[in-house]
Amino acid sequence: MPLIVTGGDGALFHQLQKLRAPFPEIVIEAKGRGNALARDLRRLPAPAAVDLMEVEVLPERGAPYLRLCGSSVSFGYPTLVTRLAENFRPLRRLSYAAASVLAWPSEQEFRIGYHGGPLEKRRLTGILLNNTKHVGGFVGFPEASCQDGLADVMEMTAPYPSQMLHNMTSMLKLPVWRPSRFLQVMEAEIHASAAQELMLDGELIPGVAGVRVRMMPAALVCRTV
């Protein structure tokens, strides 16, 4: 029997942590603000087998632990936007757009490796790994698919004016300004220069030093109502 999840990406995130493979079919009643995965599902024949991201969280203190995600993993700027969007919850999907006006990108150092390769130092304002086309209710990765076994990565370097131009063109579905580096990966390891907030599917986790992300192709069968 399908399991019904009412809410957005965060509601699905919390439900996934209670489950073990093989997962039951999930029916998403999309009533969140972003609904990134649900928006992608509406473009697919139902039910659809979609990818998940297995995230090993490396806290500043304590032992690592695993979390399953359906949409997004981030440090830096996207996490800041998510936190500020809480102040604009009545605006629903537009809460993220409002928050982006107040979010000031701040550069920091990360050590990042892909596909088990060596960790390389990179100065970024943020890094976002996405399993869907949508970010905060808007199309942030037009080429992305939740069925290709790949995470779409955005390595952000833009200062505030350039980042705002990117945000605005994405919201208008005119991705003509893309100042970030985009790539697709099956595995990623990210270490921050200092412990900070991690965003997983819209949920914020404080005191995180790094993550290891592994794609789980076609791990979950789900549909929307």
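Refer to the structure above for everything that follows.
Right, let's walk through the structure included here. Every value quoted in this text rests on a predicted model; they were computed, and no experiment measured them.

Examining the nonpolar core
Grouped burial of nonpolar side chains is what soluble globular proteins tend to show. In this structure, Val55, Val73, Ile127 and Leu200 are the most contacted members of the largest nonpolar core, which totals 27 residues. Breaking this core down by element, the ones donating at least two residues are strand 3 (48-59), strand 5 (72-76), strand 6 (108-114), strand 8 (126-130), strand 11 (151-156), strand 12 (181-185), strand 13 (187-200) and strand 14 (203-224). Not counting chain neighbours up to four residues away, the residues in contact with Val55 comprise Tyr65, Leu66, Arg67, Cys69, Val73, Leu200, Val211, Arg212 and Val213. Formed by 18 residues, the second largest nonpolar core is a distinct cluster that contains Leu16, Phe23, Leu41 and Ala48.

Thoughts on helix 1 (residues 9-16)
In terms of burial, helix 1 is a largely internal element, six of the eight residues being buried. Within the sequence span of helix 1, burial applies to Asp9, Gly10, Leu12, Phe13, Gln15 and Leu16.

Looking at the pattern of salt bridges
Within this structure, the stated rule accounts for 13 salt bridges. A salt bridge links Arg123 to Glu107; its shortest N-O distance comes to 3.0 Å. A residue pair is termed long-range when its members are at least 10 positions apart, and Arg123 in strand 7 (residues 120-124) and Glu107 in the loop between helix 4 (94-102) and strand 6 qualify at 16 residues. With a relative accessible area of 44%, Glu107 lands in the partly exposed category. Counted as one network, the salt bridges with shared partners bring together Arg33, Glu86 and Arg89.

Rules of the game
Residues numbered from 1 in each chain as written. Predicted model: local features only at pLDDT ≥ 70, side-chain atom pairs only at ≥ 80, totals over all residues. Heavy atoms only, no water. Core = buried A, V, L, I, M, F, W, Y, C linked by side-chain atoms within 4.5 Å. Buried < 20%, exposed > 50% of the residue type's maximum accessible area, 1.4 Å probe, protein only. Helix = DSSP H or I, 4+ residues; strand = E, 2+ residues; numbered from the N terminus. Contact = heavy atoms within 4.5 Å. Salt bridge = Lys/Arg side-chain N within 4 Å of Asp/Glu carboxyl O.

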